[in-house]
Amino acid sequence: MGCGIAEVLAAAGIDVLIVDEAAGKAAAAVEQIASRQRARAQAGKISPDAVEKLLARIAPVETLHRLADADLVVEAIVERIEPKRQLFKALEEIVGPDAIIATNTSSLSVTAIAAAAKRPQRVAGYHFFNPVPVMKLVEVISGAHTSPEVERALVDLAARFGHRPVVAADTPGFIVNHAGRAFGTEALAMLREGVASIGEIDAILRDAAGFKMGPFELMDLTGLDVSHPVMESIYTQFYQDPRYRPSVIAAQRVAAGLLGRKTGRGFYSYDANRQAMPLETAQAAETAALPKRVAVLADNDAGDMQKLVASTGATVLSPEDRTPKQDDLILVGLEGEDVAGAAIRLGLSPSLCVGYDSYFGLGRHVTLVASAATSEKARSAAVALVQSTGRKATLVNDSCGAVCQRVVAMIVNIGCEIVEQKIASAADVDAAVRLGLGYPHGPLEWGNKLGPARILRILDTVHERTRDPRYRASLWLRRRAELGLALEE
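Residues numbered from 1 in each chain as written. Predicted model: local features only at pLDDT ≥ 70, side-chain atom pairs only at ≥ 80, totals over all residues. Heavy atoms only, no water.

**Thoughts on the overall build of the chain**
No. 1: Of regular secondary structure, the chain possesses 20 helices and 15 strands.
No. 2: In terms of overall dimensions, the chain has C-alpha extents of about 85 × 50 × 40 Å along its principal axes.
No. 3: Buried positions account for 53% of the 489 residues belonging to the chain.
No. 4: Within the chain, contacts between residues separated by at least 24 positions form 68% of all contacts whose residues are at least 6 apart in sequence.
No. 5: Taking the 54 positively charged and 58 negatively charged side chains of the chain as two groups, their mean positions are separated by 2 Å. (Helix = DSSP H or I, 4+ residues; strand = E, 2+ residues; numbered from the N terminus. Buried < 20%, exposed > 50% of the residue type's maximum accessible area, 1.4 Å probe, protein only. Contact = heavy atoms within 4.5 Å. Lys, Arg positive; Asp, Glu negative; His and termini not counted. Charge placed at Lys NZ, Arg CZ, Asp CG, Glu CD.)

Below, the structure written as C-alpha cells:
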C-alpha cells in the first residue's frame, strides 16, 4: 500500500520520501516501484523518460528524522491502534507545525488515533485502496478535531494525483467498508438458510444483477481471514446492529483454515490459484417436458414473463383463471415475498406454484423459486420452460426477495443509512461504491433506477415476513419513497 501511495504522488510531480523501520525495506520499496514502472514502459504504456523522472522524485530514507521538511506524512503501517498512536507522537516531534499527518487506516477510528497527538486538528484519515495506482478512490476522513483546512487540502491533493476524493465522517468502516456490508453478509445468510448453493448464489448475482464477482468468489479473493474480521468489527462498532450481523459459517471456515485462494481452499477449491469448483454444490433441477398451459401472476407488471412463456408455444392463462389443471404451471412474480406466502395470499394451489424474480435477470439468467409444497413436476417444468428460451435458469429454495432483490435492497438501504447519518453525501456514497467496490451502480443510483417505493416494498415485505430487524427500512428511504422523491440530497 505504501509503495502505491508513493508511486501515485510521484507520478503527479510530488517529491516523496519512503521510510520503513526495517533495514532495507524502504530501498526495496523503491525497487518494486521501479520494476513496475519499467515494465509499463516496455509495454508502451509510459515513456522511459517519464519513468526515470518519476523515480527521481522518490527517495528511500532510514529514519523518521529525514521527514522534518515534509508537508504531508501518510502512514501505512500495521493496522493496530497503539503502533499508530506511537508513530504519530514521534512524528509530531519531527515535522513542522503546519505539516499534515494522515493515517491510511481502513477500519480504526481517526479520532482515537489522533487522541495521542498534541495537535489533533492536523490529523486526518487518507484511506487508499489496493492497488493504489489502479483504484482511483481515496476516502478523506475528518476526526473530531480535524480542521476544515486539512480536509480541503487532502481533497485538493487527491484531485492533483488523479483520484476521486470522497469525504466521510469518522465512523466504523467510513464509506466503502460500511456500504459493502450487505453483499457478503446477505449471501452468507442465504447460504445458511439453504436458499441455494455457493456457486448458484454467485452465478445469479453476477448474471442477473451485474456484479463483476459473486460474494463468495470475492471473499475467497480477499481472504476470509481479512473479510470476516471486518464483518465482526463493523458489527461490534455499531453495537450489534442486526443490519451488519456476521455469519457463523464464515467464523467456522476461518477456524478450519478455509481462507480462500491463499490456502487453496475457501468457498471454492483452487488448483494453482485457479478456481476449480465450490466445495459444496446443489443438484441441478431435472429437466422435463415443456408445460402446455402457464398462468403468470404478479402484483407488478407480468408482461415480460408472459411474453417469454408465449415464445415457447405454451398457452398463457388469464390471470383470472383460478382453476388450473393438475398439469398446469403457475409462475408468480415476487416482490420481496416468498412463494409460500404468495400462494396462500393469492389462493393458489401451492404444488403448482413457482416464483420468479420479476426485476432481475429475465433477459439473461432467470431466478426461479420453489416452496416446500411445490411439486417436482412444477419445478422441472419451470426450469425447462426458461431454458428452452436460451436463458439460464436457477431454481432456488423459498426465499423472501429471491436472491438479487434482497441483496440489492439491503445495499440500497445501508447506503441510505450512511446518507441519513451524515456520514457522507449521496454523490460520494455512489462514487465510493462504484470505484471502491466495483458494483454496477452506487446504492442511491441503484435505488433510483429501481424506484425508491419498490425498494421500500421489498424491505417491508421481507421484514414483515421474517420479523428480523436486519431488514428494517431506513427512515430516510421511507420518507423519500412516500413523498415520491429521488434518493438524493
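Picking up where we left off.
**What to know about the environment of Cys 400**
No. 1: Its place among the elements puts Cys 400 in the loop between strand S15 (392-397) and helix H16 (404-420).
No. 2: Classification of Cys 400 by relative accessible area gives buried; the value is 10%.
No. 3: Residues within four places of Cys 400 in sequence aside, it is in contact with Gly 336, Glu 337, Asp 338, Arg 406, Val 462, Arg 465 and Thr 466.

**Some thoughts on the packing of aromatic side chains**
No. 1: Across all of its chains, the model carries 9 aromatic pairs by this definition.
No. 2: The interplanar angle of 75° and the centroid separation of 6.4 Å between the aromatic rings of Tyr 126 and Phe 161 together place this pair among those described as edge-to-face. With Tyr 126 in strand S5 (residues 123-128) and Phe 161 in the loop between helix H6 (148-160) and strand S7 (164-169), this pair connects stretches of sequence that are 35 residues apart.
No. 3: With a relative accessible area of 1%, Tyr 126 lands in the buried category.
No. 4: An aromatic cluster is built from Phe 183, Phe 211, Tyr 439 and Trp 446, whose rings are joined through pairwise contacts. (Phe/Tyr/Trp six-rings, centres within 6.5 Å; stacked < 30°, edge-to-face > 60°.)

**With respect to the environment of Ala 256**
No. 1: Here Ala 256 lies in the loop between helix H12 (248-255) and strand S8 (268-271).
No. 2: Residue classification places Ala 256 among the exposed positions, given a relative accessible area of 52%.
No. 3: Each C-alpha atom of the pair Ala 256 and Gly 266 lies 9.6 Å from the other, and the pair is 10 residues apart in sequence.

**Remarks on the pattern of salt bridges**
No. 1: Tallied over the full model, the rule gives 30 salt bridges.
No. 2: Among the salt bridges present, the one from Arg 406 reaches Glu 186, with a minimum N-O distance of 2.9 Å. Taken together, the residues Arg 406 in helix H16 and Glu 186 in helix H8 (residues 181-193) connect sequence positions 220 residues apart.
No. 3: Across the salt bridge formed by Arg 345 and Glu 337, the nearest N and O atoms sit 2.9 Å from each other.
No. 4: Within this structure, Glu 186, Glu 193, Arg 406 and Arg 470 form a network of salt bridges that share partners. (Salt bridge = Lys/Arg side-chain N within 4 Å of Asp/Glu carboxyl O.)

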